[in-house]
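Breakdown of the fold
As a plain string of letters, each chain reads:
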Amino acid sequence: MARIPESVIALLGRFSVAAVFWKSGQTKIEGLAIDIVSGSFELGMPRLSSSAVDLFRDEYRLPLISPELGATLATLDEHVLPLMLLLGLGTRFAALGLLVMTAVIQLLVYPAAYPTHGVWAAVLLWLMVRGPGAVSTDHALALWSKRSKAV
C-alpha cells in the first residue's frame, strides 16, 4: 500500500471534498449550474436564490450574522474554495477555509452529523498537512519558483 502515490490520494481528496461543497453551493444559486460529474451545464449569470436566504433564516439560524449575509458568504465560499481545491491552487488556504466552514456546520447547524463532518475534516486536515500533491497548480508554481531562483 505504501506504493500508492500520495499525489493520487491528494487528488482524490481534493476532488471529493470539492464536489461536496460545490454541489451544496449550487443548491443556493440560480442561473448557473455546473456538474462536471454528470456533464450538465447551464451557463449564465449566477444569483443567490431566495430559498438560500430562507434556509439560513429558518433552518441554519447562525448567531451573529444575518441570513442574507450568511447565505451570500457561504455560497461564495462553496464555489471559490472548492474551485481552488480542484485546481490545487492555494490548497492549504482553501482547505483551512472549508475546515472552518465544516466546524461551523458541525457545531452550530447539524451537530448529529459528526460522522460525515469528521470525514470531511480528516481529508481537509490531510491536505493542509501534506499539501495538494504533484498534480496541482501549487506544485507547478513551486517548481517554476525553484527554476527561476536557480537561473
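Residues numbered from 1 in each chain as written. Predicted model: local features only at pLDDT ≥ 70, side-chain atom pairs only at ≥ 80, totals over all residues. Heavy atoms only, no water.

1. What about the overall build of the protein?
Keep this limit in mind: Labels follow the DSSP assignment, with helices taken as runs of H or I lasting at least four residues and strands as runs of E lasting at least two, numbered in each case from the N terminus. Any two residues whose heavy atoms approach within 4.5 Å are treated as being in contact. Calculation of accessible area relied on Shrake-Rupley with a 1.4 Å probe; when residues are assessed, cover is drawn exclusively from the protein chains displayed. Positive charges come from Lys and Arg alone, negative charges from Asp and Glu alone, with His and the N- and C-terminal ends not counted. Every charge is mapped to an atom, namely NZ of Lys, CZ of Arg, CG of Asp or CD of Glu.
Of regular secondary structure, the protein possesses six helices and four strands. By principal-axis analysis of the C-alpha atoms, the protein measures approximately 55 × 35 × 30 Å. For the protein, the share of sequence-separated contacts (at least 6 apart) that also reach a separation of at least 24 residues comes to 56%. Carbon and sulfur atoms make up 71% of the accessible area of the protein, which totals about 9400 Å². Across the protein, 12 positive and 11 negative side-chain charges occur, with their mean positions spaced 15 Å apart.

2. Comments concerning helix α5 (residues 114-130)
Operational definition: Expected helix span is computed as 1.5 Å times (number of residues minus one). Burial here depends on accessible area, computed with a 1.4 Å probe over protein chains only, as a share of the maximum for the residue type. Under 20% is buried, over 50% is exposed, and the range in between is partly exposed. The arc in question is the one spanned by the directions pointing from the helix axis to the C-beta atoms.
For α5, with 17 residues, the first-to-last C-alpha span of 23 Å sits near the 24 Å given by 1.5 Å per residue. Buried within α5 are the following residues: His-117, Trp-120, Ala-121, Leu-124 and Leu-127. Down the axis, α5 shows its buried residues gathered within 125° of arc, on one side only. For α5, the exposed residues set more than 90 degrees away from the buried face come down to Tyr-114, Val-119 and Val-129. Where α5 is buried, its residues touch α1 (6-26), α3 (67-87) and α4 (91-109). At the exit of α5 stands Gly-131, carrying a positive phi of roughly 90°.

3. Quick word on the nonpolar core
Under the convention used in this document: To qualify as a nonpolar core, a set must consist of buried Ala, Val, Leu, Ile, Met, Phe, Trp, Tyr and Cys residues joined through side-chain atoms within 4.5 Å.
In terms of nonpolar packing, the biggest core is built from 24 residues, with Val-17, Phe-21, Leu-85, Leu-98 and Leu-124 touching the most fellow members. Elements represented by at least two residues in this core include exactly α1, α2 (50-60), α3, α4 and α5. Looking at this core element by element, the count peaks at seven residues for α4. Val-17 has contacts with Leu-85, Leu-98, Val-123 and Leu-124, leaving out every residue within four places of it along the chain.

4. Considerations on the pattern of salt bridges
Close approach of charged atoms allows side chains with opposite charge to pair. Stated precisely, the cut-off is as follows: We define a salt bridge as a contact between a side-chain nitrogen of Lys or Arg and a carboxyl oxygen of Asp or Glu at a distance within 4 Å.
Counted according to the given criterion, the structure contains six salt bridges. Glu-6 is the salt-bridge partner of Arg-130, the closest N and O atoms lying 2.3 Å from each other. Taken together, the positions of Arg-130 in helix α5 and Glu-6 in helix α1 put the pair 124 residues apart, joining distant regions of the chain. On the basis of relative accessible area, Glu-6 is assigned to the partly exposed category, the value being 37%. With a shortest N-O distance of 2.9 Å, Glu-78 and Lys-28 are connected by a salt bridge. Of this pair, Glu-78 sits in helix α3 while Lys-28 sits in the loop between α1 and β1 (29-30), placing them 50 residues apart in sequence. For Glu-78, a relative accessible area of 4% puts it in the buried group.

Note that every value here comes from positions in space, so none of it alone points to a role or purpose.
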